[in-house]
Amino acid sequence: MDNTTTTTKDLQKLTINALYESLKASPTGLSSEEAKARFERYGPNELLEKKVNPILRFLRYFWGPIPFMIEAAMILSAVVQHWPDFWIITLMLLMNGIVGFYQESKADSAIEKLKERLSPTARVLRDGNLKQISAREVVPGDIVRIRPGDIIPADLKLISGEYLSVDQSALTGESLPVDKSVGDVSFQGSPVRMGEMEGLVVNTGMSTYYGRTAKLVEEAVTKSHFEKIIRKIGNYLIALAVTAAVIVFAVGIIRGDNILENIRFVLVLTVAAIPVALPAVLSVTMAVGAVALAKKGAIVSKLAAIEEMAGVDILCTDKTGTITKNELSIGSIKPYGDFTEKDVLRFGLLASKKGNNDAIDDAIIYRAESDPNREPVTNLKLLEFKPFDPVSKRTEATFESSDSSQFKVSKGAPQVIAGLTNESDSINDQIDKDVLTFAEKGYRALGVAKTSSDNSWHFVGLLALFDPPRDDSAETIASAQKMGINVKMVTGDHVAIAKEIASRVGLGQNMALPKNFTDVSDDVAEPIVESVDGFAQVYPEHKYRIVSLLQDKNHIVGMTGDGVNDAPALKKADVGIAVEGSTDVAKSAADIVLTGVGISVIVDAIKNSRKIFQRMSNYSIYRIAESIRVILFIAAAILVFQFYPVTPIMIVLLALLNDLPIMTIAYDNVKYSKTPERWNSKMLLGMATFLGIIGVTASFGIFVIGDTVFHLSRAVLQSFIYLKLSVAGHLTLLVARTRGPFWSVKPALPLISAIIGTQFIATLITVYGFLLPAMGWGLALFVWGYALVWFLITDVLKTVFYKHGGLAVLEEM
């Protein structure tokens, strides 16, 4: 064991030494050709997901309790030599496997394409230039530049820079960020909190520390509301099906029916009753919806987020970049002491860095460079630059003058910058007054300071930054409020700025400060965060507290964020939303990543999520009602009339023709709800049972008509009843898909085409006697007319039930 370990370590050292030699030979980074060769040699820099062989995935549809029951029925059909039943059941089994496999593969493919758009990037030195590439293309020997907000793309040996603070808690369990310096190794997957360094890639993919750990650890996954409701529906129908099956089997034994025939019938009845396709239909519906959301600028990282998004009733949204345009410009300049406006702008420029993709830096650089009277910055050498991070709330740069003297400049939050100086006591009141004056105009203040020859800090002045609201923010917020969403603005800016922007976009001006909800008990804080219109002067860590308090009040909370320190709040929120331009850390923590800008993208995503939820809810009601209708009618007919109303092959045809085309519900037209959506099992099961019982009543009606009015033979009566069950089944779907009259929302063409097509086939089968006794066009047209009349009656009863308190009764149950 020790020898093996030593050998492995020696090999790792040899590998790193070889990479160092490569670095010495090519300090400007790998050439494109060498990078391509190493990519082919080492493979992509990604963790290999456990992928199931396509053949095994297909065979899964023939393995498990439900497939076993279908297979048992198929074998029993062969034993009793009912060959038509045998071949139809075999066809059903194969069709279920083929369609399920195809739809699952299609959904997985769509999700994989969306995940590719979320893949992190890395800045690497190639051909002497810094390039941004996909993290999966990083190869051993690459030189990578990392900074706050990045997720380290591979195991790196740090080679330049002052320091790096990384969060290794997910890998090592260390609760605090770990400081790294030149010569240390930083592991793949670790978020960068502070600092900026360059590192040499030494391991990629499954060879990284993270990759080796992933082989040993399986992540525990909590069940979503979606999984819980599927389980509830399944348990309800399984209990109903098993009870009916036991009764039917017992009656058959008492009556002396053939034991094999009895078992076969019970098996087929149970299979037809249990909604085998329910999870697949709902998953496909969400996958199709995820693709539609992506087109709207919202990429879903996991399907369950769609369901949560539909239920959001409180949306905590960032001000900057979401409600506002995030197009900063310098509004005005206020110098302090003996400094001039030019001094404020000059030192603010020195505390900025071009190419950092920082909106404030860009605004200052643009203003300085566009000034025709600006003095060029010469004879200064940049020794160190510390970029902005959300903890210190400032940037800092160190320069050396031509006379070898050094000085520092810093810019950031006015209170923080003033705190660097010895003048804070004397200037704080003036700073607060100026900040308030700026804020009343919608300006955000930025403090600038510099050190003198004795290294003491001096407050230079304030820069007023202006970021106007987006043109559509007010309209979109009003739309969200009409949808039952309480929009709360969250900003780190001064409370006066928050109030000014809030007034412009139609939000209230009741703003809470961190002290209102952090230094008090939960009982005091909860009503505060629930009632206010927004939060000002908050740090990212305060967002976590806000989310937690709102969730404790039973709200489903959406929270936006973009920075490293936003990640805990995004993870904690029911729906974490990483806005456009977010760091990789924020994206990895979020449920939804926005590729478009503005609050309108979020509200559009919520609208589309509610539509997807409606489709899932409509199908669930239909499928439960259909199962209840078939189970209760068949069981009651056997018990009361000692008559099997349908044969096993008819039950199989019902499942085949009514369930397989139902995947088209994923494309159905729906109206989004005006209130947040939540799974309500009482309502779902109550409405489905209500529709199911109406269906049972209608089925007994046609049974009596066929038996006593038309005096049909038993064989033709079974075909007569089968067609009614088939036609009425899809008509029930048209009833279940709306809360108002069935025509209130026009069904989508794919859905209505599937309904017409399958029921036309069912009609031809019974009219011409293919596999079933023929009954002619006269009886078939009567069945259609009868089913349509009951369809209209059911639709009226459903509308009355929804309109006049049926839901309230269910809520009280």
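Remember, predicted model here, so these are calculated numbers, not experimental data. One numbering rule holds for all chains: residues counted from 1, following each sequence as written. Confidence filtering applies because this is a predicted model: local features only for residues at pLDDT of at least 70, side-chain atom pairs given and counted only at 80 or more, and all residues used for totals across whole chains, interfaces and linings. Neither water nor hydrogens contribute to the side-chain values; these are computed over all heavy atoms in the structure.

### Looking at the pattern of salt bridges
Right, on to step 1. Salt bridges are defined as contacts in which a side-chain nitrogen from Lys or Arg sits within 4 Å of a carboxyl oxygen from Asp or Glu. In total, this model carries 16 salt bridges according to the counting rule given.
Right, on to step 2. Residue Asp 150 pairs with Arg 123 through a salt bridge whose shortest N-O separation is 2.4 Å. Taken as a pair, Asp 150 in the loop between β3 (143-146) and β4 (155-166) and Arg 123 in strand β1 (residues 121-126) lie far apart in primary sequence, 27 residues in all. Residues Asp 150 and Arg 123 agree in their burial class; the two are buried.
Right, on to step 3. Each of the salt bridges in this network shares a partner with another, and the network as a whole consists of Arg 394, Glu 396 and Lys 408. Only runs of H or I of at least four residues qualify as helices and only runs of E of at least two qualify as strands under DSSP, and these elements are numbered from the N terminus. Three labels apply to residues, based on accessible area from a 1.4 Å probe with only protein chains included: buried if under 20% of the type maximum, exposed if over 50%, partly exposed otherwise in between.

### Details of the packing of helix α20 (residues 522-531) against helix α21 (residues 540-552)
Right, on to step 1. Axes here refer to lines fitted to C-alpha atoms; in helices the fit is confined to the stretch in contact. Angles between the N-to-C directions go from 0 to 180 degrees. Across the interface, α20 lies against α21 with an axial gap of 9 Å and an inter-helix angle of 95°. Here α21 runs roughly perpendicular to α20, going by the angle between their axes. Along its contact with α20, which presents Asp 522, Ala 525, Glu 526, Val 529 and Glu 530, the element α21 presents Arg 545, Leu 549, Leu 550 and Asp 552.
Right, on to step 2. Under the scheme applied, nonpolar residues are Ala, Val, Leu, Ile, Met, Phe, Trp, Tyr, Cys and Pro; charged residues are Asp, Glu, Lys and Arg; polar residues are all the others, including Gly. Residues that form the contact of α20 with α21 fall into these classes: 4 nonpolar, no polar and 5 charged. Each angle receives one of four descriptions, namely roughly parallel if under 35 degrees, roughly antiparallel if over 145, roughly perpendicular if within 65 to 115, and oblique otherwise. Any two residues whose heavy atoms approach within 4.5 Å are treated as being in contact.

### A word on the nonpolar core
Right, on to step 1. Membership of the largest hydrophobic core comes to 126 residues, with the highest contact counts inside it found for Ile 634 and Tyr 722.
Right, on to step 2. Excluding residues within four positions of it along the chain, Ile 634 makes contact with Phe 265, Leu 269, Pro 645, Val 646 and Ile 651.
Right, on to step 3. What we call a nonpolar core is a set of buried Ala, Val, Leu, Ile, Met, Phe, Trp, Tyr and Cys residues that are connected through their side-chain atoms within 4.5 Å. Among the nonpolar cores identified, the runner-up in size contains 25 residues, and Ile 314, Val 490, Leu 549 and Val 593 belong to it.

### What about the packing of helix α16 (residues 424-440) against helix α18 (residues 495-505)?
Right, on to step 1. Contact geometry of α16 with α18 gives a least axis separation of 8 Å together with a crossing angle of 10°. Here α16 is positioned roughly parallel relative to α18, judged by the angle of their axes. Seen from α16, the contacting residues are Leu 436, Ala 439 and Glu 440; seen from α18, they are Ala 496, Ile 497 and Glu 500.
Right, on to step 2. Per-class residue counts for the contact of α16 with α18 are 4 nonpolar, no polar and 2 charged.

### Remarks on the packing of aromatic side chains
Right, on to step 1. Aromatic contacts are taken between Phe, Tyr and Trp rings whose centres are within 6.5 Å, Trp giving its six-membered ring; a plane angle under 30 degrees counts as stacked, one over 60 as edge-to-face, and the others as tilted. For the coordinates displayed, the defined rule picks out 20 aromatic pairs.
Right, on to step 2. On the basis of an interplanar angle of 85° and a centroid distance of 6.5 Å, the ring pair of Phe 339 and Phe 347 is categorised as edge-to-face.
Right, on to step 3. With a relative accessible area of 6%, Phe 347 lands in the buried category.
Right, on to step 4. Here a set of aromatic residues connected by ring pairs shows up, and it is made of Phe 633, Phe 641, Phe 643, Phe 700 and Phe 703.
Right, on to step 5. A ring is considered to have a charge above it if a Lys NZ or an Arg CZ atom is located within 6 Å of its centre and within 35 degrees of its normal. Stacked on the ring of Phe 643, the Lys or Arg Arg 714 has its end atom at 4.6 Å from the ring centre.

### Focus on the sheet that holds strand β15 (residues 457-466)
Right, on to step 1. Any two strands between which DSSP finds at least two bridges are classified as paired. In spatial order, the strands read β10-β15-β14-β13-β12-β11; together these 6 strands make up an open sheet with antiparallel pairing. The strands lining the two open edges of the sheet, one partner per strand, are β10 (329-335) and β11 (381-386). Taken pair by pair, the neighbouring strands of this sheet meet at an average axis angle of 20°, ignoring direction.
Right, on to step 2. Sheet analysis places strand β12 (residues 394-400) next to strand β13 (residues 406-412), joined by 7 bridges and oriented antiparallel. Counted as the bridge partner of Arg 394 is Gly 412 from β13.

### A short note on the pairing of strand β19 (residues 557-561)
Right, on to step 1. The element β19 is extensively covered by neighbouring structure, given that 5 of its 5 residues are classed as buried.
Right, on to step 2. Bridge count for strand β9 (residues 314-318) against β19 is 3 bridges, and the pairing is parallel. Among the inter-strand pairings, Cys 316 is bridged to a residue of β19, identified as Met 559.
Right, on to step 3. Both β19 and strand β20 (residues 575-578) contribute to a ladder of 4 bridges, which runs parallel. Within β20, the residue paired with Gly 561 across the bridge is Ala 578.

### Here's the deal with helix α29 (residues 776-803)
Right, on to step 1. A helix's residues, less one, multiplied by 1.5 Å, set its expected span. Between its first and last C-alpha, α29 extends 41 Å over 28 residues, near the 40 Å set by a 1.5 Å rise per residue.
Right, on to step 2. Every buried residue of α29 is accounted for by Leu 779, Ala 780, Val 783, Tyr 786, Ala 787, Phe 791, Thr 794, Asp 795, Lys 798, Thr 799, Phe 801 and Tyr 802.

### A few points about the confidence of the model for the protein
Right, on to step 1. By definition, pLDDT measures how confident the predictor is in each residue, and it falls between 0 and 100. Overall, the predicted model of the protein reaches an average pLDDT of 80, with 81% of residues at or above 70.
Right, on to step 2. Confidence scores differ between elements of the protein, with helix α1 (residues 2-25) showing the lowest mean pLDDT of 46 and α29 the highest of 93.
Right, on to step 3. pLDDT under 50 marks residues 1-14. Its contacts with residues more than four places away, or in other chains, come to 0 contacts.
Right, on to step 4. Note that residues 214-222 has pLDDT below 50 and, in this model, 3 contacts with residues that lie over four places away or in other chains.

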